[in-house]
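Summary of structural features
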Amino acid sequence: MPVQSKPATTARNLRRLLAFCGLAVLGLPAVSKAAVMQTTLDTLLGPNSPGITIGDKRYSNFTFASTGSAPLRPSDVNVRISNEENPDQQRYTLQFTFGMDAFPGERTDMVIGYDLDVLSRDFMNRVGLRFNGSVPAQGPGDAAASVIETVASRDGSDVAPGAPVSDTAVLDVFNDGPGRLEDSNSDFMPINLTRSLHFVKDIIVSSRPTGGYVAISVVDNIVDQIPEPAAVSLISIAGGAVLLRRRRA
């Protein structure tokens, strides 16, 4: 039997540890008064999958691709959906946990897409992105973890208020270790009131030949939602502001 080299054994053990940490996160107790559903991504793929519904949210039409030095399989990705409710707002969190890393000279990419629909008469008004990407073993060269998320309307309408006008918007998070570029592990954005969105997450770990070890094991998509009466009030206020601006002009 061939003897495995020490670097190869170390890499394998670290990847096992990273995958275990992702599973541990999945098993954390739910927030009080929050509904939780858990599955794996492979169960949500394919034209015959109805997706997953929690509360008045339906997540469906999942897509997946992974390439690079250590590509993942859909079964390697755990999916956890939870919701927290209060009288004024609801928050839904779609969490992906997995073991994804890169050693010096490696790069791995994973892309996950899905649709999100509100089945009630309420509206989504804010979206967010979080991750735990880091460079725990920094080398002299560059290494980074990042997620670029595209948020798109499903009817061609503007996604976010203000300029520029577009049916897509981008959230991004980035970490290349201490003392380098500015790191950001979360990004939130208000959106125009809507009941349907399409998300695509491009998750990347990359390390130059002289870079360090980089890893990601958790990526969250957060959606805030307001009840219909509050949404109607916001629409009325926005309409009044537009009318006032027109009169002043």
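Residues numbered from 1 in each chain as written. Predicted model: local features only at pLDDT ≥ 70, side-chain atom pairs only at ≥ 80, totals over all residues. Heavy atoms only, no water.

**Observations concerning the overall build of the protein**
Inclusion rule: Secondary structure is summarised from DSSP: a helix means a run of H or I of at least four residues, a strand means a run of E of at least two, and numbering begins at the N terminus for each. Per-residue accessibility, obtained with a 1.4 Å probe over protein chains only, is compared with the maximum for each type, and a residue is labelled buried under 20%, exposed over 50%, and partly exposed between these values. Note on contacts: a residue pair is in contact if any heavy atoms of the two residues lie within 4.5 Å. Only the protein chains shown count as covering a residue, and every accessible area follows the Shrake-Rupley method with a 1.4 Å probe.
On a plain count of helices and strands, the protein comes out with two helices and 13 strands. Within the span of the protein, comprising 249 residues, buried residues form 41% of the whole. A sequence separation of at least 24 residues applies to 77% of the contacts in the protein between residues at least 6 apart. Counting every atom, the protein has about 12800 Å² of accessible surface; 56% of that belongs to carbon and sulfur.

**As for the sheet that holds strand β6 (residues 107-118)**
Here is the rule: For two strands to count as paired, DSSP must find a minimum of two bridges between them. Axes here refer to lines fitted to C-alpha atoms; in helices the fit is confined to the stretch in contact. Angles between the N-to-C directions go from 0 to 180 degrees.
Pairing within the open sheet is antiparallel, and its six strands lie in the order β2-β3-β6-β12-β9-β10. Two strands bound the open sheet, and with one partner strand each, they are β2 (52-54) and β10 (168-175). Taking the axes of each pair of neighbouring strands and ignoring which way they run, one obtains an average angle of 20° across the sheet.

**Notes on the pattern of salt bridges**
Rules: Here a salt bridge means any side-chain nitrogen of Lys or Arg lying within 4 Å of a carboxyl oxygen belonging to Asp or Glu.
A complete count under the given rule lists ten salt bridges for this structure. A salt bridge links Arg-154 to Asp-117; the shortest N-O distance between them is 3.1 Å. Here Arg-154, found in the loop between β9 (143-153) and β10, pairs with Asp-117, found in strand β6; they are 37 residues apart in sequence, far enough to count as distant. Owing to a relative accessible area of 38%, Arg-154 belongs among the partly exposed residues under this scheme. Residues joined by salt bridges that share partners form a network here, namely Arg-58, Asp-115, Asp-117 and Arg-154.

**Things to note about the side chain of Asp-117**
The criterion, for reference: The definition of a polar contact used here is a pair of N or O atoms within 3.5 Å, where within protein one atom must be able to donate a hydrogen and the other to accept one, and adjacent residues in sequence count solely through side-chain atom pairs.
According to the relative accessible area criterion, Asp-117 is buried, its value standing at 8%. A polar atom in the side chain of Asp-117 sits 3.1 Å from the side chain of Arg-154. Dropping the residues within four chain positions of it, Asp-117 is found in contact with Asp-56, Lys-57, Arg-58, Ser-60, Arg-154, Arg-195 and Ser-196.

**What to know about the pairing of strand β4 (residues 78-85)**
Within β4, six of the eight residues are buried, which leaves it mostly tucked inside the rest of the structure. Sheet topology note: the β4/strand β5 (residues 90-102) ladder contains eight bridges and is antiparallel. By the bridge assignment for β5, Glu-84 is matched with Arg-91.

**Brief notes about the packing of aromatic side chains**
Here is the rule: Only centres within 6.5 Å qualify two rings of Phe, Tyr or Trp (six-membered ring in Trp) as a pair; their planes then separate them into stacked at under 30 degrees, edge-to-face at over 60, and tilted for everything else.
Following the criterion strictly, the structure yields five aromatic pairs and no others. Ring centres of Tyr-59 and Tyr-114 lie 6.3 Å apart, and the angle between their planes is 50°; on these two criteria the pair is classed as tilted. Of the two residues, Tyr-59 is situated in strand β3 (residues 57-68) and Tyr-114 in strand β6; the sequence distance between them amounts to 55 residues. Residue Tyr-59 shares its accessibility class with Tyr-114, and that shared class is buried. With a centroid separation of 5.3 Å and 20° between ring planes, the pair formed by Tyr-114 and Phe-199 is classed as stacked.

**A few points about the nonpolar core**
The test is simple: Residues belong to a common nonpolar core when they are buried Ala, Val, Leu, Ile, Met, Phe, Trp, Tyr or Cys residues joined through side-chain atoms within 4.5 Å.
Formed by 44 residues in total, the largest nonpolar core has its most connected members in Tyr-59, Phe-96, Phe-98, Val-127 and Ile-203. Per-element tally for this core: the top contributor is β5, with six residues. With residues near it in sequence (within four places) discarded, Tyr-59 still touches Gly-51, Ile-52, Ile-54, Ile-81, Tyr-92, Leu-94, Tyr-114, Asp-115 and Leu-116.

**Describing the environment of Thr-108**
Mapped onto the elements of the fold, Thr-108 is located in strand β6. By relative accessible area, Thr-108 is classed as buried at 1%. On a C-alpha basis, the gap between Thr-108 and Ser-206 in space is 6.5 Å, while along the polypeptide they are 98 residues apart.

**Section: the pairing of strand β12 (residues 196-207)**
Judged from the eleven bridges that link them, β6 and β12 form a sheet pairing that is antiparallel. Bridge pairing links Gly-113 to Val-200 in β12. Two strands pair when backbone bridges link them, and β9 and β12 are joined in this way by eleven bridges, in the antiparallel orientation. Residue Glu-149 lies in a different strand from β12, and its bridge partner there is Lys-201.

**Quick word on the side chain of Ser-207**
Considering the arrangement of structural elements, one finds Ser-207 in strand β12. According to the relative accessible area criterion, Ser-207 is buried, its value standing at 5%. Within the local environment of Ser-207, its side chain forms a polar contact with the backbone oxygen of Gly-212, the two atoms lying 2.7 Å apart. In contact with Ser-207, other than residues within four places in its own chain, are Ala-102, Phe-103, Pro-104, Gly-105, Glu-106, Asp-142, Ala-143, Gly-212 and Val-214.

**Some remarks on the confidence of the model for the protein**
Formally: Scored from 0 to 100, pLDDT reflects the predictor's confidence in each residue.
Summary statistics for the protein give a mean pLDDT of 83 and a share of 78% for residues scoring 70 or more. Mean pLDDT across the elements of the protein bottoms out in helix α2 (residues 228-248) (45) and peaks in β12 (98). In this model residues 1-9 is a low-confidence stretch, pLDDT under 50, and it forms two contacts with partners more than four residues away in sequence or in other chains. Note on residues 22-33: pLDDT is under 50 here. Beyond four places in sequence and across chains, it has 18 contacts.

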